[in-house]
Amino acid sequence: MDCQPHRTTGTNQPSRQALAGALLLTIFAQSNAVAHQQAADAVRKLNIVIVEGEGAVNNARQRVARDPIVQVEDENRKPVAGAAVVFLLPNQGAGAAFPNGARSLTVLTDSKGQAAARGLQANRLAGQYQLRVTASASGQTASASIGMSNVAAAGAGAATGLGAMKWLLIVGAVGGAAAATGVALSNGGAAPAGPRPTVVTPGTPTVGAP
């Protein structure tokens, strides 16, 4: 029997390339899965930090309010960019409104993780109220409240009142000094020292010889 040596053909070459391609696809898919998992694990908890607005006193008469600003952070206190922040105002009583009279405003956080509620206008009712804030990102949410209040500040009226009080004190002091001088004169006392006036006595002029 004629024994021929076994010769390899090129039929198995494509199968090796296919195996290598499948291996690369598997590695790529696993890498993507790990990257997505790491991105999902990056934000496990959200925190809202009040930057501005807590305890703000707004002028209800002029309808001026301070813009509240919050910062969204993760569990490691790192800022979270792109988080959706919803500011919600009360529907009744003392409060405020956003542009066009809206009671809610949604803002995305910037690279610093901050979001500001611009254009807040106080209403004409004095009192305290809470501005509710909700942040969401990567399936996580967090809530907080900002305490604010409206007052009917007099503004210039208060300054005018202080000026009037000052004038009353000055007039009272002058009147008291005049009264004290009158009492001294009626009791035979001497009037306060001061410059004596020049007295001119009229008479008949005399013309003599030169």
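Criteria and cut-off values
- Residues numbered from 1 in each chain as written.
- Predicted model: local features only at pLDDT ≥ 70, side-chain atom pairs only at ≥ 80, totals over all residues.
- Heavy atoms only, no water.
- Helix = DSSP H or I, 4+ residues; strand = E, 2+ residues; numbered from the N terminus.
- Buried < 20%, exposed > 50% of the residue type's maximum accessible area, 1.4 Å probe, protein only.
- Contact = heavy atoms within 4.5 Å.
- Core = buried A, V, L, I, M, F, W, Y, C linked by side-chain atoms within 4.5 Å.
- Polar contact = N/O pair within 3.5 Å; in protein donor to acceptor, adjacent residues only side chain to side chain.
- Pairing = 2+ DSSP bridges.
- Axes fitted to C-alpha atoms, helices over the stretch in contact; angles between N-to-C directions.
- pLDDT = per-residue confidence, 0-100.

Chemist: So what's going on with the overall build of the protein chain? Residues and values would help.
Modeler: Within the protein chain, the secondary structure is distributed over two helices and ten strands. Secondary structure of the protein chain in N-to-C order comes out as α-β-β-β-β-β-β-β-β-β-β-α. Here the protein chain, with 210 residues, has 22% of them falling under the buried criterion. Contacts in the protein chain between residues far apart in sequence, at least 24 positions, make up 64% of those at least 6 positions apart.

Chemist: Could you give an account of the nonpolar core, naming the residues involved and the relevant values?
Modeler: Core analysis: the largest hydrophobic core is formed by 28 residues, its most contacted members being Val70, Val85 and Phe87. At the level of secondary structure, the elements contributing two or more residues to this core comprise strand S3 (69–73), strand S4 (84–88), strand S9 (127–137) and strand S10 (140–151). Counting residues per element, this core draws most heavily on S9, at five residues. Setting aside its immediate chain neighbours within four residues, phenylalanine 87 contacts Val70, Phe98, Arg103, Ser104, Leu105, Val107, Ala115, Ala116, Ala117, Leu131, Arg132 and Val133.

Chemist: So what's going on with the side chain of glutamine 71? Which residues, and what values?
Modeler: When you line up the elements, glutamine 71 lands in strand S3. Classification of glutamine 71 by relative accessible area gives buried; the value is 16%. At 3.1 Å, the side chain of glutamine 71 forms a polar contact with the side chain of glutamate 73. When sequence neighbours within four positions are dropped, the list of residues in contact with glutamine 71 reads Asn47, Ile48, Val49, Val51, Pro79, Lys112, Gly113 and Gln114.

Chemist: A description of the sheet that holds S10 should follow, citing residues and the corresponding values.
Modeler: With respect to topology, five strands assemble into an open sheet ordered S2-S10-S9-S4-S6, the strand pairing being mixed. The strands lining the two open edges of the sheet, one partner per strand, are strand S2 (56–59) and strand S6 (104–108). Neighbour-to-neighbour, the strand axes of the sheet open up by a mean angle of 30°, direction not taken into account.

Chemist: Residues and numbers for the environment of serine 136, please.
Modeler: As for its placement among the helices and strands, serine 136 is situated in strand S9. Between the alpha carbons of serine 136 and alanine 83 there is a distance of 5.7 Å; along the sequence they are 53 residues apart. The residues contacting serine 136, other than those within four sequence positions of it, are Leu46, Ala83, Ala84 and Thr141.

Chemist: Hey, could you go over the confidence of the model for the protein chain for me, with residue numbers and the actual values?
Modeler: Per-residue confidence for the protein chain averages 75 on the pLDDT scale, and 58% of its residues sit at or above 70. Across the protein chain, S4 holds the top mean pLDDT of 98, while helix H2 (residues 156–186) sits lowest at 46. Under a pLDDT of 50 for its full length, residues 155–165 has, in the predicted model, zero contacts with residues more than four places off or in other chains.

Chemist: Go over the side chain of asparagine 150, please, and point to the residues and values.
Modeler: Mapped onto the elements, asparagine 150 comes out in strand S10. Within the structure, asparagine 150 has its side chain in polar contact with the backbone oxygen of glycine 95 (distance 2.7 Å). The residues contacting asparagine 150, other than those within four sequence positions of it, are Asn58, Ala60, Ala94, Gly95, Ala122, Asn123, Leu125, Ala126, Gly127 and Tyr129.

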